[in-house]
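Listed below are the residues making up each chain.
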Amino acid sequence: MTLTQEILSSLHLADKTGAWGTLGTIRPLKSFDQDVAVEKLAETLETKGNQQLIIDIVTSLNNDQRQEVIKLYKDCTKQDLIAKIQKALSGDLENAIVGLLKTPAAYDAQELRASMKRMGTDEATLNEILCTRSNTQLREIQEIYRQEYKTELEKNIISDTSEPYTGLLLALAKGKREQDAGIIDYGLIKQDSKVLSALGPKNTPNSDLWIRILTERSLGHLRRVFDQYSNDNTMDIEDGIKKHFKGDFQKASLTLVAVIKNTPLYFADRLHNAMKGLGTNEKTLSRILISRSEIDLLSIRVAYRIKYGKSLYSSLQSEVKEDLQSYLLSLCRAEDL
């Protein structure tokens, strides 16, 4: 199936996002039989058999189905499926499959925790997750983070970052963004552009006002504000951020703008950057493909193909080696000609 056909075949499901996602590569397996899946996994894990079979099973199911398999595996074998897989596999493949078996909120919480746990904070991962999750997802992440790590996500953000970057991340984590109402408020568009254009002492903008607008206004409204900003100033919003801010706050703000303007393109760039140059960032590749596989990975594939002149599938084939390649290709699903 070509990429165009794959996307078109998904469009009529747009009103069933609760069951199908939007433009994800992984959808509920229609012929799903949890008993068969558990039996196959139990057999191959006990005999340390074909790890490709493990990959094929877990990547053929959506997350809800995987959770059913995990529960039934526990009921039938009295063992934890994730623990068994951790013993059977190792390295990047082990981490990637375990990540896929977690719920989306639990996986995001794990990645956020890891980004702040080691020496040196991984700001790019913090930005990626907090800038791209919905209000509902962010609330779920906060709750899981509290349960799993016995502390508040906000507390860790405060201890690992500095202002004004801290304030931006905290505002994002609260998940207070307005939803698009389908009504264009031209007065508010001009007002927000004026606020973002205003300079205070030492010709610097008020970062608190930027944070409030960027994290609370709806995405559709902000895209119009960015256009208005370009008309009101002699620069695009990105140039304004680069001119007036620096450091982690600048990078996070630029990430947020990129996500607001075109989320699939933002992820396409992240995937490309994870594979270019010497060394491949397998952790970033796995996280993005896992987290977007039921949401918009088809759209990301389109953006990647258009911008870089090469399919994501082909790039993964050439840049990722051994077992992890097979796993990521299963998530990516198909070549885009």
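Rules used throughout
- Residues numbered from 1 in each chain as written.
- Predicted model: local features only at pLDDT ≥ 70, side-chain atom pairs only at ≥ 80, totals over all residues.
- Heavy atoms only, no water.
- Helix = DSSP H or I, 4+ residues; strand = E, 2+ residues; numbered from the N terminus.
- Rg over C-alpha atoms; globule rule 2.2 N^0.38 Å.
- Contact = heavy atoms within 4.5 Å.
- Areas by Shrake-Rupley, 256 points an atom, 1.4 Å probe, with all protein chains shown as cover.
- Lys, Arg positive; Asp, Glu negative; His and termini not counted.
- Charge placed at Lys NZ, Arg CZ, Asp CG, Glu CD.
- Salt bridge = Lys/Arg side-chain N within 4 Å of Asp/Glu carboxyl O.
- Phe/Tyr/Trp six-rings, centres within 6.5 Å; stacked < 30°, edge-to-face > 60°.
- Buried < 20%, exposed > 50% of the residue type's maximum accessible area, 1.4 Å probe, protein only.
- Polar contact = N/O pair within 3.5 Å; in protein donor to acceptor, adjacent residues only side chain to side chain.
- Domains from an automatic or database assignment.
- Buried area = accessible area lost by both parts, 1.4 Å probe.
- Patch = residues over 30% accessible without salt bridge, like charges linked within 9 Å, V, L, I, M, F, W, Y side chains within 5 Å.
- Core = buried A, V, L, I, M, F, W, Y, C linked by side-chain atoms within 4.5 Å.

Q: Break down the overall build of the protein chain for me, citing the residues and quoting the values.
A: Looking only at helices and strands, the protein chain has 22 helices and zero strands in total. By the compact-globule yardstick of 20 Å for 337 residues, the protein chain fits well, its C-alpha radius of gyration being 21 Å. Counting only C-alpha atoms and orienting by the principal axes, one finds that the protein chain spans roughly 70 × 45 × 40 Å. Of the contacts made within the protein chain by residues no fewer than 6 positions apart, 70% connect residues no fewer than 24 positions apart. For the protein chain, the computed accessible surface area is about 16800 Å², with 50% contributed by carbon and sulfur atoms. Averaging the locations of the 46 positively and 47 negatively charged side chains of the protein chain gives two centres separated by 3 Å.

Q: Summarise the side chain of R270; cite the residues concerned and give the values.
A: For R270, the position within the fold is in helix α18 (residues 263-275). Those residues in contact with R270 that lie beyond four places of it in its chain are A124, T125, E128, T284, R287 and I288.

Q: Help me get a handle on the pattern of salt bridges, residues and values and all.
A: Considering all chains together, one arrives at 15 salt bridges under this definition. For K84, the salt bridge is made with E46, and the minimal N-O distance between the two is 3.1 Å. Separated by 38 residues along the polypeptide, K84 in helix α6 (residues 81-88) and E46 in helix α3 (residues 34-46) bring together distant segments of the chain. We note a salt bridge from D75 to K71, for which the minimum N-O separation is 3.3 Å. Of this pair, D75 and K71 both sit in helix α5 (residues 63-77), four residues apart, which is roughly one turn of that helix.

Q: Lay out the packing of aromatic side chains in plain terms, naming residues and giving numbers.
A: Tallied over the entire structure, the rule returns six aromatic pairs. Ring plane angle 80° and centroid distance 5.2 Å describe the contact between W210 and F245, whose orientation is recorded as edge-to-face. With a gap of 35 residues between them, W210 in helix α14 (residues 207-216) and F245 in the loop between α16 (237-244) and α17 (247-261) connect regions that are remote in the sequence. Its relative accessible area of 1% is what places W210 among the buried residues. Ring geometry for Y266 versus F267: centroids 5.0 Å apart, planes at 65°, classification edge-to-face. For the pair formed by Y266 and F267, the shared burial category is buried. Among the aromatic residues, those joined into a ring-pair cluster are W210, Y229, F245 and F249.

Q: Please set out helix α4 (residues 51-60) residue by residue, giving values where relevant.
A: An α-helical segment advances 3.6 residues per turn. Residues three or four places apart therefore align on the same side. For α4, the complete set of buried residues consists of I54, I55, I57, V58 and T59. Packing partners of the buried residues in α4 comprise α3, α5, α6, α7 (91-101) and α22 (322-332). The residue sitting at the N-terminus of α4 and contributing the capping side-chain oxygen is N50; that oxygen lies 2.8 Å from the backbone nitrogen of Q52.

Q: Run through α14, naming residues and quoting values.
A: All buried positions along α14 are accounted for by S207, W210, I211, I213, L214 and T215. Looking at the buried residues of α14, the elements they touch are α12 (165-173), α13 (186-197), α15 (219-232), α16 and α17. Between a side-chain oxygen at the N-terminus of α14 and the backbone nitrogen of D208 the separation is 2.9 Å; the capping residue is N206.

Q: Can you tell me about the domain arrangement of the protein chain, naming the residues and giving the values?
A: Each assigned domain of the protein chain is listed with its residue range as follows: domain 1 (34-89), domain 2 (104-174), domain 3 (186-242) and domain 4 (263-332). Placing a centre on the C-alpha atoms of domain 1 and another on those of domain 4 gives a separation of 25 Å. Listed by partner, the interface residues are seven residues for domain 1 and six residues for domain 4. Taken over both partners, the interface formed by domain 1 and domain 4 buries close to 550 Å², and the fraction arising from carbon and sulfur atoms is 47%. Of all residues in domain 1, the largest losses of buried area upon contact with domain 4 belong to Q51, I55 and T59, amounting jointly to 63% of the total for that side. Summed over the shared surface of domain 1 and domain 4, the number is one salt bridge. In this structure, R66 engages E294 in a salt bridge whose closest nitrogen and oxygen atoms are separated by 3.9 Å.

Q: Could you give me a rundown of a negative patch on the surface, with the residues and numbers involved?
A: A surface patch of negative charge is lined by D33, D35, E39 and E43. Mapping E43 onto the fold places it in helix α3.

Q: Can you lay out the nonpolar core for me, pointing to particular residues and giving the numbers?
A: Core analysis: the largest hydrophobic core is formed by 90 residues, its most contacted members being I85, I97, L316, Y327 and L328. Examining the composition of this core, we find that seven residues originate from one element, α12, more than from any other. Excluding anything up to four places from it in sequence, Y327 contacts I55, T59, L93, A96, I97, L100 and I290.

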